[in-house]
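Chains, contacts and geometry: an overview
Next come the chains, spelled out residue by residue.
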Number of protein chains: 2
Amino acid sequence: MSAMRMSEGVEWAIHCCSFLASLPEGETLTGASLAEFFDVPRAYLLKHLQALGRAGILESTSGPRGGYRLGRRPADISLLDIVEVIEGGQPAFRCSEIRGRGPSAVDASEYSLVCGIAAAMWQAEEAWRAALAATTLADIGRMGSREVPRRQRELAREWMEHTIAARRR
Amino acid sequence: MSAMRMSEGVEWAIHCCSFLASLPEGETLTGASLAEFFDVPRAYLLKHLQALGRAGILESTSGPRGGYRLGRRPADISLLDIVEVIEGGQPAFRCSEIRGRGPSAVDASEYSLVCGIAAAMWQAEEAWRAALAATTLADIGRMGSREVPRRQRELAREWMEHTIAARRR
């Protein structure tokens, strides 16, 4: 059977935003640097970063030290904000109004209420969206301080410091 | 950007199961009849009906009056049961462990806890699954008695009576 699947761009985008949340004030990272850090295809990542920029989740600055940083405070960026940029806001369940087909169909004007099946499916998606909306990059940062291995956090900080310093030269 | 989308088979399967919930005791409908009633491609629908049968949601009987009926009471079949047959039970968010890539990666053995981002994404999916699990075909039937136009309910009942009677001849 089929399998509903989110784009891997969602994983990349959340990781990028979460990493940018740890940038020192006033600093940025280029899309190329982010692609290097996460070892993901640069062109594909840039497309997602640009979309996050258009949505105001990221801010891009130009010039020799230009790059990406968060467009809002981590506590003001939810997982839903990021998922909607990458996946769009359309529901996963699409109602094709099969009520209006076959031998029991009536005139389209008689379907004043949304199909109960679609309503129930969309209500369940609302529960998913509400949970994503309730989790922010600030929450993810707090989880990361427990769940990311200490050595990885040290290596990430070193890489970030080195990358920022290299652009100053 | 991409867009996560459920198979249209989910819509068909829920409508079929919901319709079968209104069958008189001891009666069945063939896959061909269900495809006619919903005006959907027969071969594709049969594939879904067979999968629902293997999962015990439908029961198929053989013989000249054989066909499909519900395998359990409507109150014991949830939307999640049906969605999982068509879409499978895998989460929509797939974690590719990007923590383990790039310059900050540490040895795989150090990742004892699930990535916080994946954990948050899966927790949101659990909210969706819980909502689907809490809605049964009995609930859908109660909604239908309000939301389906009266004339459609009459036409559906007539079609069902006619189809059942035709198999007796």
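A short tour of the structure in this document, coming up. (Residues numbered from 1 in each chain as written. Chains lettered and ligands numbered in written order. Predicted model: local features only at pLDDT ≥ 70, side-chain atom pairs only at ≥ 80, totals over all residues. Heavy atoms only, no water.)

**Remarks on the interface of chain B and chain A**
- Chain B puts 69 residues into the contact, and the matching count from chain A is 69 residues.
- Summing both sides of the interface, chain B and chain A together bury roughly 6,200 Å²; the carbon and sulfur share of this comes to 66%.
- Counting every contact that joins chain B to chain A gives 2 salt bridges.
- The partner of A:Arg99 in a salt bridge is B:Glu147, and the shortest N-O contact between them spans 3.1 Å.
- Remark: the boundary between chain B and chain A carries 22 residue pairs in polar contact (both at pLDDT 80 or more).
- Going through the elements one at a time, α1 (8-20), α2 (31-38), α3 (42-54), α4 (79-87), α5 (116-133), α6 (137-147) and α7 (150-168) of chain B are the ones with two or more residues in the side of chain B that touches chain A.
- At 11 residues, the largest contribution of residues to the side of chain B that touches chain A is made by α5(B). (Contact = heavy atoms within 4.5 Å. Buried area = accessible area lost by both parts, 1.4 Å probe. Salt bridge = Lys/Arg side-chain N within 4 Å of Asp/Glu carboxyl O. Polar contact = N/O pair within 3.5 Å; in protein donor to acceptor, adjacent residues only side chain to side chain. Helix = DSSP H or I, 4+ residues; strand = E, 2+ residues; numbered from the N terminus.)

**Re the packing of aromatic side chains**
- This structure, assessed with the given rule, holds 14 aromatic pairs over all chains.
- Ring centres of A:Phe19 and A:Phe37 lie 4.0 Å apart, and the angle between their planes is 5°; this geometry places the pair in the stacked category. One end of the pair, A:Phe19, is in helix α1 (residues 8-20); the other, A:Phe37, is in helix α2 (residues 31-38), and 18 residues separate them in sequence.
- You can call A:Phe19 buried: its relative accessible area is 8%.
- Residue A:Phe37 is classed as buried on the basis of its relative accessible area of 4%.
- Ring geometry for B:Phe19 against B:Phe38: centres 5.8 Å apart, planes inclined by 80°, an arrangement best described as edge-to-face. Here B:Phe38 lies in helix α2 and B:Phe19 lies in helix α1, a separation of 19 residues in the sequence. By the burial criterion, B:Phe19 is buried, and B:Phe38 matches it.
- Members of the aromatic cluster, joined through ring pairs, are A:Phe19, A:Phe37, A:Phe38 and A:Trp159. (Phe/Tyr/Trp six-rings, centres within 6.5 Å; stacked < 30°, edge-to-face > 60°. Buried < 20%, exposed > 50% of the residue type's maximum accessible area, 1.4 Å probe, protein only.)

**Description of the pattern of salt bridges**
- Scanning all chains against the criterion turns up 22 salt bridges over all chains.
- Among the ionic pairs, A:Arg168 bridges to A:Glu27, the shortest N-O distance being 2.4 Å. Here A:Arg168, found in helix α7 (residues 150-168), pairs with A:Glu27, found in the loop between α1 and α2; they are 141 residues apart in sequence, far enough to count as distant.
- A salt bridge links B:Arg73 to B:Asp76; the shortest N-O distance between them is 3.2 Å.
- Judged by its relative accessible area of 54%, B:Arg73 falls in the exposed class.
- The exposure class assigned to B:Asp76 is partly exposed, which follows from its relative accessible area of 38%.
- Each of A:Glu27, A:Arg65 and A:Arg168 takes part in salt bridges that share partners, so that together they form one network.

**Some thoughts on the environment of B:Gln152**
- Within the secondary structure, B:Gln152 is located in helix α7.
- Linking B:Gln152 and B:Glu125, residues 27 residues apart in sequence, is a C-alpha distance of 35 Å.
- Residues contacting B:Gln152, with those up to four places away along its chain left out, are A:Arg99, A:Ser104, A:Ala105, A:Val106 and A:Tyr111.
- A polar atom in the side chain of B:Gln152 sits 2.8 Å from the side chain of A:Tyr111.

**Notes on the state of the cysteines**
Residue and element names in this part refer to chain A.
- Within this structure, the stated rule accounts for 0 disulfides over all chains.
- Summary of cysteine pairing: Cys115 is not part of a disulfide, and the nearest cysteine sulfur, belonging to Cys95, is at 5.3 Å.
- The exposure class of Cys115 is buried, given its relative accessible area of 3%. (Disulfide = S-S within 2.5 Å.)

**Overview of the pairing of strand β2 (residues 67-70) of chain B**
- By the bridge criterion, 4 bridges tie strand β1 (residues 58-61) of chain B to β2(B) in an arrangement that is antiparallel. Residue B:Leu58 lies in a different strand from β2(B), and its bridge partner there is B:Leu70. (Pairing = 2+ DSSP bridges.)

**Section: the relation of the copies chain B and chain A**
- If you rotate chain B by 180° and push it 0.0 Å along the axis, it lands on chain A with an RMSD of 0.0 Å. Here the copies are linked by what is in effect a two-fold axis. Minimal C-alpha distance to the rotation axis in chain B is attained by B:Trp128, lying at 2.4 Å.
- The fraction of interface residues of chain B whose copies in chain A are also interface residues reaches 100%, indicating that both copies meet through the same surface. (Least-squares fit on C-alpha atoms with pLDDT ≥ 70 in both.)

**Focus on empty space enclosed by the protein**
- Under the criterion given, the structure shown has 3 cavities of 30 Å³ or more.
- Lining the largest cavity are 15 residues, and of these A:Glu87, A:Gly88, A:Gln90, A:Trp128 and B:Met4 sit closest to its centre.
- Of the residues forming the lining of the largest cavity, the biggest block, 4 residues, is contributed by helix α4 (residues 79-87) of chain A.
- Computed from the structure, the second largest cavity encloses a volume of approximately 90 Å³.
- The set of elements that each furnish at least two residues to the lining of the second largest cavity consists of α4 and α5 of chain B.
- In terms of residues, the lining of the second largest cavity owes the most to one element, α4(B), which gives 4 residues. (1 Å grid on protein atoms, 1.4 Å probe; cavity = no way out; pocket = protein on both sides within 12 Å on 5 of 7 lines; lining within 4 Å. Points joined across faces, edges and corners; volume = space filled by probe spheres on them.)

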